[in-house]
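# Residue-level structural notes
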Amino acid sequence: MRALLASSISVACATALALPLAASADAAARPKTTAVSSPAVSTSAASASASASASAASTPAVSTSGASSTPPSSAAASSSSAAAPAGSTQSLPLAPLGTTDRTLGAARAQGLPERGTGPFSLLGVVWDDARDELHGTVQVRTRAAGSRTWSGWQDLDTHNQEHAPDPGSPEDDAARVHGSTAPLWVGHSDGVQVRVRPEASGPGRTTPGRLPRGLHVDLVDPGEDPDGVGAADEAGQEDGPGRERALAPAAGAPEAAARPYIGPRPRIVTRRGWGADESLRERGYVYTGKVKAAFVHHTASGNNYRCSQAPSVLRSIYRYHVLSSGWRDIGYNFAVDKCGNIYEGRAGGVAKPVLGAHTLGFNTNSMGVAVIGTYTSTNPTADALDAIARLTAWKLGLYGVNPTGTTHLTSGGGNLYRKGRSVRLNAISGHRDGFATECPGARLYKKLGKARTSSARLQGRR
């Protein structure tokens, strides 16, 4: 996959970790990343704390130590938290369901019977090959932690492959990248049930289709907020070794003083501010040439979260993107919650042209902004829209881009534009403008015109 700041923002923002303003190291001096294998099974920073309840099925949860199976952090990243990293992932394999359930496509359906688990708050279904699309439906039920209350069936967004590294890029490594649904935030839970039904195929579309190999459900626990989450960190703080000061312009990027149309820098919660475990991601940073466009997304993770929970949601999505999907870091460059708080996404410096994994085919020379939630049939808040405008007025302004204008990007390959084609796009586009997808949801997409106008006004344009 905005903020006329409401009173609910003041609490979250007052405690947010704000970005410091100072000069950064030259982007060219940063090491280029190399592919590091990500485990096919998910990892845990702590043991999957609770054993399955007495009603649990016999299928075991796969859980390994995050310290031994994840790539080492950079020296810069290690300063994120002095305490042991929070969070864990349980991975439960799916199995064929009984032949008697005709509604699930007979024996072709796969799933997981109702069972108890260790604690988790976000989940998604993952499979072996990222190039193998899941044509069908994925539904889950979860049990609220410490209770006997089960939710109704909830759908997972299966069309998630368009949020990915560009084809043929170093990050698009078939040996480590996996297929996955969009993650769903379900809140504190300790039980799950899953069913995956294939689409009908063949003549007359009466025969159940094939499901991808290696289906399993990953249950992500974000852990408690680490020390430092919610603490104020005002401009002027010294950065750790190699850590960019967050608001410095990128190498080759225009200095703010040299450009007439740059919006005021917004308050941005740093990765440390939302508790990112920097040992999960790969070393170093990868940059693109410049930022010519912003793609707006929704996370499709549901709207059942409080703004005070947004750091936990982001830690969960980050862990899911890296350890389940196999990406080098969280895919988005920035995230926005429904209260209008703005969060740093992929590491590398918020003013720099960091290469993300958000819009397959158009990650180069762009940035991805994800609004936390699902906006297919729900309107985004005015605060979230305002946050998009504030962020893009500043970030696009650093690169001399008019938010109401258009630009040309070269496709890296996708289902709308062939690789190598030059495509004219709005400077603030929706994900669906570069790829045939529902993202960022119909309700959010139709509000982007207002975000463009507001962003240009914040830049001082008439």
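Let us look at the structure shown here. Everything quoted here is computed from the prediction, not taken from an experiment. (Residues numbered from 1 in each chain as written. Predicted model: local features only at pLDDT ≥ 70, side-chain atom pairs only at ≥ 80, totals over all residues. Heavy atoms only, no water.)

Secondary structure assignment for the protein chain yields 7 helices and 20 strands. Summed over its atoms, the accessible surface of the protein chain is roughly 18000 Å², and 52% of this surface lies on carbon and sulfur atoms. (Helix = DSSP H or I, 4+ residues; strand = E, 2+ residues; numbered from the N terminus. Areas by Shrake-Rupley, 256 points an atom, 1.4 Å probe, with all protein chains shown as cover.)

Glancing now at the sheet that holds strand S16 (residues 342-344). Spatial strand order, S13-S16-S15-S17-S14-S20: 6 strands in an open sheet with mixed pairing. Each edge of the sheet is formed by a strand with only one pairing partner; in this case those strands are strand S13 (268-269) and strand S20 (428-430). Note: strand S15 (residues 334-336) against S16, 3 bridges, orientation antiparallel. Considered in S16, the bridge of alanine 335 is made with tyrosine 343. Sitting on the sheet, helix H5 (residues 382-398) is in contact with S13, strand S14 (293-298), S15, S16, strand S17 (366-371) and S20, with an inclination near 165° to S17. Across the sheet, helix H7 (residues 448-458) is in contact with S14 and S20; its angle to S20 comes to roughly 165°. (Pairing = 2+ DSSP bridges. Contact = heavy atoms within 4.5 Å. Axes fitted to C-alpha atoms, helices over the stretch in contact; angles between N-to-C directions.)

It is worth spelling out the state of the cysteines at this point. One pass over the full model with this rule turns up 1 disulfide. Note that cysteine 307 is cross-linked by a disulfide to cysteine 339, the S-S spacing being 2.1 Å. Note on the cysteine 307 and cysteine 339 pair: the S-S dihedral is about 95°, so by sign convention the disulfide is right-handed. Placement of cysteine 307 in the loop between S14 and helix H4 (310-324) and of cysteine 339 in the loop between S15 and S16 is noted, with a sequence separation of 32 residues between them. You can call cysteine 339 buried: its relative accessible area is 8%. (Disulfide = S-S within 2.5 Å. Buried < 20%, exposed > 50% of the residue type's maximum accessible area, 1.4 Å probe, protein only.)

Here we come to the side chain of aspartate 132. Structurally, the position occupied by aspartate 132 is in the loop between strand S5 (110-127) and strand S6 (136-144). Look at aspartate 132 and you get buried, because its relative accessible area is 15%. Excluding residues within four positions of it along the chain, aspartate 132 makes contact with Trp127, Arg210, Pro212 and Arg213.

Here we take up the nonpolar core. Within soluble globular proteins, side chains that are nonpolar generally end up buried alongside one another. Phe334, Leu391 and Trp394 are the most contacted members of the largest nonpolar core, which totals 50 residues. Each residue touching phenylalanine 334, except ones within four places of it in the same chain, is listed here: Ile268, Ile342, Tyr343, Glu344, Gly345, Val350, Met367, Gly368, Val369, Ala370, Leu391 and Lys395. Counting 20 residues, the second-largest nonpolar core is a separate cluster that includes Phe120, Val140, Leu211 and Val217. (Core = buried A, V, L, I, M, F, W, Y, C linked by side-chain atoms within 4.5 Å.)

A few words now on the pairing of strand S19 (residues 422-426). Because side chains alternate across S19, one face comprises the buried residues Val423 and Leu425, and the other comprises Ser422, Arg424 and Asn426, none of which is buried. Of the pairings in the sheet, the one linking strand S18 (residues 406-410) to S19 comprises 5 bridges and is antiparallel in character. Among the inter-strand pairings, threonine 407 is bridged to a residue of S19, identified as leucine 425.

The topology assignment puts glutamate 114 in strand S5. Linking glutamate 114 and valine 140, residues 26 residues apart in sequence, is a C-alpha distance of 9.7 Å. Polar side-chain contacts of glutamate 114 include one of 3.0 Å to the side chain of arginine 141. (Polar contact = N/O pair within 3.5 Å; in protein donor to acceptor, adjacent residues only side chain to side chain.)

Within the secondary structure, arginine 176 sits in the loop between strand S7 (154-156) and strand S8 (179-180). The exposure class assigned to arginine 176 is buried, which follows from its relative accessible area of 2%. Each C-alpha atom of the pair arginine 176 and aspartate 128 lies 8.9 Å from the other, and the pair is 48 residues apart in sequence. A distance of 3.4 Å separates a polar side-chain atom of arginine 176 from the backbone oxygen of glycine 326.

Now for the pattern of salt bridges. Under the criterion given, the structure shown has 10 salt bridges. Note that arginine 315 and aspartate 225 form a salt bridge whose closest N and O atoms lie 2.9 Å from each other. Within this pair, whereas arginine 315 is found in helix H4, its partner aspartate 225 is found in the loop between strand S12 (216-221) and S13, the two being separated by 90 residues in sequence. With a closest N to O distance of 3.6 Å, glutamate 282 and arginine 328 form a salt bridge. With glutamate 282 in the loop between helix H3 (271-274) and S14 and arginine 328 in the loop between H4 and S15, this pair connects stretches of sequence that are 46 residues apart. For the pair glutamate 282 and arginine 328, a shared accessibility class is recorded, and that class is buried. (Salt bridge = Lys/Arg side-chain N within 4 Å of Asp/Glu carboxyl O.)

Further remarks concern the environment of leucine 314. Looking at the secondary structure, you find leucine 314 in helix H4. According to the relative accessible area criterion, leucine 314 is buried, its value standing at 4%. Sequence spacing of leucine 314 and tyrosine 343 is 29 residues, and the spatial spacing of their C-alpha atoms is 8.9 Å. Beyond its immediate chain neighbours, meaning those up to four positions away, leucine 314 contacts Trp274, Ile330, Ala335, Tyr343 and Ile372.

A few words now on H5. Between the first and last C-alpha of H5 there are 25 Å, a value that for 17 residues agrees with the 24 Å anticipated at 1.5 Å per step. Counting buried residues in H5 gives 16 out of 17 residues, a clear majority hidden from the surface. Following H5 by one or two positions, glycine 400 adopts a phi angle in the positive range, close to 70°. (Expected span 1.5 Å × (residues − 1).)

Here we come to the pairing of S12. Counting buried residues in S12 gives 6 out of 6 residues, a clear majority hidden from the surface. Side chains His216, Asp218 and Val220 of S12 all project onto a buried face; the interleaved residues Val217, Leu219 and Asp221 project onto the opposite face, where all are buried too. Summarising the sheet, strand S3 (residues 88-93) and S12 pair through 6 bridges and their orientation is antiparallel. Paired with glutamine 90 across the two strands is leucine 219, which belongs to S12. Bridge count between S5 and S12: 5 bridges; the pairing is antiparallel. Bridging from a neighbouring strand, valine 126 pairs with histidine 216 of S12.

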